[in-house]
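Residues per chain, in single letters:
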Amino acid sequence: MTNEDRDQVVEHVKAAYAEGRLDKFEMDERLHLAMTARTHADLMPIMTDLYGSRYPQVPAPPPLAAMKPGDLPVPRAYDAADRVLGAAAHLITLTGLFVIGPLIMLLAAGKSSPYVRKHALEALNMHLTVLGATILLPITVIGIVLVPIAWVLGIVLSIIGGVSALADGDFRYPLTVRLIK
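A short tour of the structure in this document, coming up. Just so we're clear, the structure is a prediction, and the values are computed from it rather than from any experiment.

### A short note on the packing of helix α4 (residues 80-91) against helix α5 (residues 100-109)
Point 1. In contact at an axis separation of 8 Å, α4 and α5 are set at 150 degrees when each is read in the N-to-C sense. Here α4 is positioned roughly antiparallel relative to α5, judged by the angle of their axes. Seen along the crossing, α4 lies across α5 with a hand that is left-handed. Here L85, A88 and A89 of α4 come into contact with α5, specifically with P102, M105 and A109.
Point 2. Tallied by class, residues from the contact of α4 with α5 come to six nonpolar, no polar and no charged.

Here is the structure:
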């Protein structure tokens, strides 16, 4: 389900309110239900209340078999707690828990929330990449100069990832070797 599906239902609720078929309380309640809907099945009762059994169809998502590997739906945060835990998966590394922090978030909350799992995996893979670069780069003279740059970049990108997770965004670290899937 996409935000366009929710927006379409919200427009129908607003139109029903403008036509006088709903009072302010009913409109607010239906808008809340529409904006917090996670599946098409959550939107169906709202449309059925407005139009009965004959209502405009909310488009269904394409079948999974017809989707390409890059088209898989991106997990979205269920609530604010998901967004905070997703941000914590990125930002916990700033406390000194470099690889351990995202791993703890993955093991603690990754099973219950696909959103947190996605962000914890992304943070874990990035910090494993920085750790590998820290071990391998000093072999060369230029690598010695690049190690501090990699660490500063890791810190800055962790902050960006945390902010993105709070905003329910889909953040992927650049130049990351994704060892864990």
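### With respect to the pattern of salt bridges
Point 1. Tallying each qualifying case throughout the model produces five salt bridges.
Point 2. The residue E122 makes a salt bridge to R178 at a minimum N-O spacing of 2.6 Å. Here R178 lies in the segment after α7 (141-166) and E122 lies in helix α6 (residues 114-136), a separation of 56 residues in the sequence.
Point 3. A relative accessible area of 6% means that E122 is categorised as buried.

Rules used throughout
- Residues numbered from 1 in each chain as written.
- Predicted model: local features only at pLDDT ≥ 70, side-chain atom pairs only at ≥ 80, totals over all residues.
- Heavy atoms only, no water.
- Axes fitted to C-alpha atoms, helices over the stretch in contact; angles between N-to-C directions.
- Helix = DSSP H or I, 4+ residues; strand = E, 2+ residues; numbered from the N terminus.
- Parallel < 35°, antiparallel > 145°, perpendicular 65-115°, else oblique.
- Left-handed = near helix turned anticlockwise from the far one by under 90°.
- Contact = heavy atoms within 4.5 Å.
- Nonpolar A, V, L, I, M, F, W, Y, C, P; charged D, E, K, R; others polar.
- Salt bridge = Lys/Arg side-chain N within 4 Å of Asp/Glu carboxyl O.
- Buried < 20%, exposed > 50% of the residue type's maximum accessible area, 1.4 Å probe, protein only.

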